[in-house]
Amino acid sequence: MKTIVIGGGPAGCAAAYTLSKQGHDVLLFEASDQVGGRTKQLRRDGFNLATGALFLMGGIYPRTSALLAEMGHDRDIVPWGGASELQDKDDSRYPVSFVSLLSYLRIPVLSLGDKLKVAMAGLRLHLRPGASNPFDGAELAAFDKGEDLETWSRKNLGERAYEYIVRPIMDFLYAVPASWLSTPFPHAIIQQAHKMKLSVPPGGVGQVSEWFVQAAKRAEVRLSTPVERVERSSQGYRVFANGEAHDADGLVVATEAFVAAKLLEPYIDADARSRLTEAPYTDYAHVAIGYAKSPWPNYPTDIVLPVGVGGTRNIGAIVLHSRRHPGSVPKGGELVGVYFNTPPLAHMSDEDIKREALEAAIKAFGAAPDPTFVHLFRYDRGLTIAGPGHYSKLDAVHKAMPPRVCLAGDYFSQAGVEAAVFSGERAAQMLDRAMH
Ligand SMILES: Cc1cc2nc3c(=O)[nH]c(=O)nc-3n(C[C@H](O)[C@H](O)[C@H](O)COP(=O)(O)OP(=O)(O)OC[C@H]3O[C@@H](n4cnc5c(N)ncnc54)[C@H](O)[C@@H]3O)c2cc1C
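- Looking at an unreviewed UniProt entry, the protein carries the name FAD-dependent oxidoreductase, with the source organism given as Aromatoleum petrolei.

Here it is in structure tokens:
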């Protein structure tokens with residue numbers, strides 16, 4: 001059977017790989033000039049910049065790990081310790097490990113009472129049921145009781161643990177206030193925290209999508225080919241891109257949610273259309289600062305997380321990339337990534353963001369000469385905002401699809417490569433079943 005996949009991010013590439021394994025011919029259309037979507041790489045001045053995603057998360061990413069092993073690439077992935085420090089308002093530093101929640105309990109600002117409260121909340125979470133797959137929107141929906149993460153954290157962990165544990169982690173990972181997020185995803189991650197390990201493919205996270213399409217023997221990839229519209233045809237569907245029409249028995253639509261809504265507009269009801277169109281995304285900005293010669297070759301940690309009780313913070317994390325992804329820098333060089341929180345971006349110009357990023361890098365790691373370049377990545381739509389009610393709202397859309405059309409994308413869960421890969425593989429399986 002002939003299938004078409006629209007969108008070549010990790011979701012679409014995982015779908016193309018799975019459909020190809022099932023024996024279907026696949027034509028994948030990607031609007032950009034390379035696959036990878038929000039994980040793709042950008043080469044500049046001998047550096048390999050991550051336009052978005054930075055790392056995979058080990059056992060917390062089971063389908064990504066399984067498919068990498070199946071393709072023979074599990075041994076290529078390079079582990080990264082993610083040594084971190086919290087940077088308090090008075091510039092005190094508290095070393096932690098980004099992958100070990102327990103390490104946060106050693107920081108001196110938490111009192112014994114705070115630590116006991118956190119330990120008790122952790123124990124209660126472990127004892128109660130939660131989503132076994134934090135990237136399956138349908139499972140997450142079953143545990144969504146409408147509570148937001150800030151309310152839950154302040155009540156169950158206390159003020160200081162909220163400020164020094166929950167906020168720094170979530171600011172870096174999701175860039176929005178915890179009050180905008182629902183609880184089932186972080187709860188499921190806490191339950192599986194022991195499985196968390198950070199790693200990066202040698203070519204950067206974008207390489208995961210490249211590996212999928214290389215291993216998809218029956219797939220043909222058309223880059224720089226945005227799909228303009230989809231029509232029903234006698235065979236199934238006709239897809240129009242770059243002035244040509246292509247027929248297929250079935251489709252996987254693996255674009256961002258609002259693009260899927262537009263492409264499928266004539267074939268889905270108004271309710272499904274508005275659920276997809278209104279799926280909320282963050283504004284997002286990060287700055288890559290390149291140094292041909294590292295000003296801080298011996299700095300002991302790779303991630304600095306600004307903290308401090310109360311107030312808003314413009315920046316979620318400042319990251320040294322040379323140990324995270326050695327292939328991202330020329331020999332002896334360093335690349336600093338400065339990751340901004342969403343709310344302040346509404347009032348910041350591109351120049352404000354770049355200036356503040358440079359100041360933050362120097363405050364975090366020490367004085368430095370002028371960098372080789374300062375590159376701003378700024379997106380209207382960065383990451384899904386999975387607030388209370390998000391998962392069930394999006395999950396319901398699967399049922400509203402016309403025959404032999406399946407949706408894939410990270411927006412069904414809480415963003416992340418695993419969310420995308422899981423949804424891409426599942427969409428391919430659903431389409432395969434529908435075509436038999
Ligand atoms: C700054 C940042 C940091 C991140 N860090 C991490 C991280 O460290 N770890 C992690 O796991 N995740 C991270 N993520 C999230 C991760 O990048 C996303 O979850 C993932 O890329 C989603 O994959 P997707 O395939 O669903 O969507 P996308 O990656 O958005 O792919 C969708 C694709 O569809 C294409 N497309 C759109 N319209 C059309 C059309 N009409 N025709 C053809 N193609 C079209 C787009 O060009 C795009 O390539 C990060 C994201 C950002 C923005």
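Back to the text.
**Some points on the packing of aromatic side chains**
Aromatic ring pairs are reported here in terms of the distance separating the ring centres and the angle at which the planes meet.
Inference 1: Applying the stated rule across the entire model yields 16 aromatic pairs.
Inference 2: Ring centres of Y17 and F212 lie 5.6 Å apart, and the angle between their planes is 40 degrees; on these two criteria the pair is classed as tilted. Of the two residues, Y17 is situated in helix 1 (residues 10-21) and F212 in helix 9 (residues 207-215); the sequence distance between them amounts to 195 residues. Taken as a pair, Y17 and F212 share a single burial class, namely buried.
Inference 3: Among the aromatic residues, those joined into a cluster by ring pairs are F55, W80, F98, F172 and Y339.
Inference 4: Over the ring of F240 we find R229; its NZ or CZ atom is 3.9 Å from the centre of that ring.
Inference 5: Looking at R381, its charged tip hangs above the ring of F258, at a distance of 3.7 Å from the centre.

**So, the packing of helix 2 (residues 62-70) against helix 14 (residues 417-435)**
Two quantities define a packed helix pair, namely the angle between the axes and the distance from one axis to the other.
Inference 1: Where helix 2 contacts helix 14, the two axes come as close as 8 Å, and the packing angle between them is 70 degrees. Comparing their axes, helix 14 and helix 2 come out roughly perpendicular. In contact with P62, R63, T64 and L67 of helix 2, helix 14 contributes V417, E418, V421, F422 and E425.
Inference 2: For the contact of helix 2 with helix 14, the per-class residue count stands at five nonpolar, one polar and three charged.

**Digging into the side chain of N133**
Inference 1: Following the sequence through the fold, N133 ends up in the loop between helix 4 (112-127) and helix 5 (137-142).
Inference 2: Dropping the residues within four chain positions of it, N133 is found in contact with E139, L140, Q192 and F422.

**Regarding the site of the ligand**
Inference 1: Close contacts around the ligand come from 35 residues, with E30, R38, Y61, D410 and G416 the closest.
Inference 2: Backbone polar atom of A31 to a nitrogen atom of the ligand: 3.1 Å apart, as the coordinates give it.
Inference 3: One of the side-chain N or O atoms of R38 is found 2.7 Å from an oxygen atom in the ligand.
Inference 4: Alone, the ligand offers 1000 Å² of accessible surface; in the complex the protein occludes 92% of this.
Inference 5: Looking at the shell around the ligand, the elements with two or more residues in it are helix 1, strand 14 (284-291) and helix 14.
Inference 6: Here the shell around the ligand is built from residues that sort into 18 nonpolar, 13 polar and four charged.

Calculation criteria
- Residues numbered from 1 in each chain as written.
- Predicted model: local features only at pLDDT ≥ 70, side-chain atom pairs only at ≥ 80, totals over all residues.
- Heavy atoms only, no water.
- Phe/Tyr/Trp six-rings, centres within 6.5 Å; stacked < 30°, edge-to-face > 60°.
- Helix = DSSP H or I, 4+ residues; strand = E, 2+ residues; numbered from the N terminus.
- Buried < 20%, exposed > 50% of the residue type's maximum accessible area, 1.4 Å probe, protein only.
- Lys NZ or Arg CZ within 6 Å of the ring centre and 35° of its normal.
- Axes fitted to C-alpha atoms, helices over the stretch in contact; angles between N-to-C directions.
- Parallel < 35°, antiparallel > 145°, perpendicular 65-115°, else oblique.
- Contact = heavy atoms within 4.5 Å.
- Nonpolar A, V, L, I, M, F, W, Y, C, P; charged D, E, K, R; others polar.
- Near = heavy atom within 4 Å.
- Polar contact = N/O pair within 3.5 Å; in protein donor to acceptor, adjacent residues only side chain to side chain.
- Areas by Shrake-Rupley, 256 points an atom, 1.4 Å probe, with all protein chains shown as cover.

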